[in-house]
Amino acid sequence: MKLERPSADSQLEFVVATEKEFEEILAMSKGIYGGLDYLPSRYHAWIREPNRTVVLAKKNGAVIGLQSVYIIDAGETALVEGLRVAPWERGKGVAGVLQRFCSEMVKEKHPEVKVSRLTRDDKLGPKDFKKYRVIAKQGILLVRFDAQELLSRLDAVVLALAEGGFCPEPSELLLESEVPEVILQESFQREVLPNQTIIQDWQPFKATASNLGLLMKKDLCWVVDQKARPTVATLSTRPFPIPLGEDWFYLNIDAFGRDLAHVKSQLLHHLRLQVPAAQQGKVMCQLFLEPALWLDMATFCQSALGLELAKDYTEQYLLESDI
C-alpha cells in the first residue's frame, strides 16, 4: 500500500511492507550488527502483526530504507524499531526523512499516542539528551558457544561449581497462567523492573495486562527465584537463525534484579531450557542485565561455564520522547 510523501520535493516513496520485498530487505540488512541482525527472522511476522506498520522507503522503485512502528501500552506509546538504510544510501539523510515520515504518520493515524520509545546501544551524545529522556539502562553481555559441546558438559560444570562452593539458587519456570499474577505485582514492578518496564529483547513494555497479552504471544520462558515475591526475573526467547553464518543461532536473555547468585542460577536454567533448540549449531547469546553485574557475570560465563566473550561491555538505553 502506498503512503503519502512527507513533502513535495522528496525523492522517496513510502509504502507499507509486504512479502515481495523480503529479498531486498535481506540485501539491505547484510552485515548489520555484525551478523546478529534479527530482522530477517522477524520480518514476516512483523508485517502481519496487529498494531504494527512496517514502512519502506523506496527510491526509483528500489527499497533503500525501513522502519517499524508498533503501538503498545494500550495505545499510548509508539515503539520505533528496526531502522535500516541501504549501505549505498547512508549519509544522505534518508534515515532522518524516514523517521520524520513515521512520526507524522503516528500523529495522523494514532492521535491517542503520547510518547515514542526506542532502544539503542550506541554512545549517546548531547543532541540525543536534548531529544530523548533516558528511561532505563541495561548492560549487554554477549557470549558465544557451540550448542552441542556446551550441553555435553553442562552437568559436569554444575557439579564443579558445587564443589567450588557455588550451588544454584532455586528458580521456577512460570506457567502461562502464572505470569500475570507474578509480573503484575506492584512490588515486583517497583523493586525489580528497571523503571517499571519489561525490556524484552530490545522491546520496552510497561508492565500492564495489555502488554502481557502481547508478550504472551512470543513463546517466552519466564523464570523467577520465587513466585510469591520475586527479587530476580529472567526471560528468554527460543533461539532463532541469524545471518552470521550457516547454523548460527541467537539466544536472548533479559535479566531483572540485582542479586548476582540468582542471575547466575537463572542463566543456567535458561541454557538448559533453550540451547537444545539450537541442535548442533553455534549460539550467540545476548544477556541484558543490571550494569553493576556485568563484570562478575562475564567472569562467570568465561571461567565457570567456558563460554567465549564475543564483545566488551556495552549498554542498552531505553529512550523516550513526547509525540
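As a reminder, the structure under discussion sits directly above these lines.
Each chain has its residues counted from 1, following the order in which its sequence is written. Restriction of local features to residues with pLDDT of at least 70 applies here, the model being predicted, together with a cutoff of 80 or more for giving and counting side-chain atom pairs; totals for whole chains, interfaces and linings are based on all residues. To obtain the side-chain values, all non-hydrogen atoms of the structure were used and water was disregarded.

Asker: For this particular structure, what's the right way to read the pattern of salt bridges?
Answerer: Side chains that carry opposite charge are capable of pairing whenever their charged atoms lie near each other. The rule for a salt bridge is simple: a side-chain nitrogen of Lys or Arg has to be within 4 Å of a carboxyl oxygen of Asp or Glu. Inspection of the entire model under this criterion finds 27 salt bridges. When the shortest N-O distance is used, the salt bridge between E76 and K114 registers 3.8 Å. Linking E76 in the loop between β4 (62-72) and β5 (77-85) with K114 in the loop between α3 (94-109) and β6 (115-120), this pair joins segments that are 38 residues apart in sequence. Each residue gets one of three labels from its accessible area relative to the maximum for its type: buried under 20%, exposed over 50%, partly exposed in between, using a 1.4 Å probe on protein chains only. Look at E76 and you get partly exposed, because its relative accessible area is 32%. As a salt-bridge pair, R258 and E290 come within 4.0 Å of each other at their nearest N and O atoms. One end of the pair, R258, is in the loop between β14 (248-256) and α9 (260-274); the other, E290, is in the loop between β15 (282-289) and α10 (294-304), and 32 residues separate them in sequence. Helix and strand assignments follow DSSP, with helices taken as H or I runs no shorter than four residues and strands as E runs no shorter than two, numbered in order from the N terminus.

Asker: Just checking my understanding: could you explain the nonpolar core for this structure?
Answerer: Here is a general trend for soluble globular proteins: nonpolar side chains tend to be buried in one another's company. In this text, buried Ala, Val, Leu, Ile, Met, Phe, Trp, Tyr and Cys residues form a nonpolar core when linked through side-chain atoms within 4.5 Å. Among the nonpolar cores identified, the biggest contains 40 residues, and I25, Y43, L56 and L66 are the most heavily contacted of them. Among the elements that line this core, the one with the most residues is α3, at six residues. When residues no more than four places from it in sequence are discounted, the contact partners of L56 are E13, F14, V15, A17, E21, I25, Y43, V63, G65 and L66. Listed in part, the 32 residues of the second largest apolar core include L141, V143, L154 and L307. Here, two residues are considered to be in contact whenever any of their heavy atoms come within 4.5 Å of each other.

Asker: Is there a simple way to explain the environment of L151 in this structure?
Answerer: Looking at the element boundaries, L151 is found in helix α5 (residues 147-163). Note: C-alpha distance between L151 and P180 (29 residues apart in sequence) is 32 Å. In this view, L151 contacts L271, V275 and P276; residues no more than four positions away in its chain are not counted.

Asker: I tried to follow the state of the cysteines on my own but got confused; where do I start?
Answerer: In this description, the term disulfide denotes a pair of cysteine sulfurs within 2.5 Å. Scanning the entire structure with this criterion turns up zero disulfides. Take C221: it sits in no disulfide, and the sulfur closest to it among the cysteines is that of C285, at 13 Å. With no disulfide of its own, C301 lies closest to C285 among cysteine sulfurs, the gap being 7.3 Å. Under the relative-accessibility criterion, C301 is labelled buried at 2%.

Asker: Hey, could you run me through α10 in this one?
Answerer: Within an α-helix, residues lying three or four positions from one another point in the same direction, as the helix has 3.6 residues per turn. Of the positions making up α10, those classed as buried are W294, M297, A298, F300 and C301. Summarising the axial view, the buried residues of α10 lie within an arc of 160°, below the 170-degree limit, and thus occupy one face. Among the exposed residues of α10, those oriented more than 90 degrees off its buried face are L295 and S303. Lining the buried residues of α10 we find β7 (133-146), α5, α9, β15 and β16 (308-309). Immediately beyond the C-terminal end of α10, within one or two residues, lies G306, with a positive phi of roughly 75°. Working definition: the arc comes from the directions between the helix axis and the C-beta atoms, pointing outward to the latter.

Asker: I keep staring at the pairing of strand β11 (residues 221-224) and nothing clicks. Help me out?
Answerer: Taken residue by residue, a regular strand's side chains alternate between the two faces of the sheet. On β11, burial covers both faces: C221 and V223 on one face and W222 and V224 on the other are all buried. Two strands pair if DSSP finds at least two bridges between them. The sheet contact formed by strand β8 (residues 172-173) and β11 spans two bridges and is antiparallel. Note on β11: the bridge partner recorded for L173 is V223. Pairing analysis gives four bridges linking β11 to strand β12 (residues 233-236), with the strands arranged antiparallel. If you follow W222 over to β12, its bridge partner there is L235.

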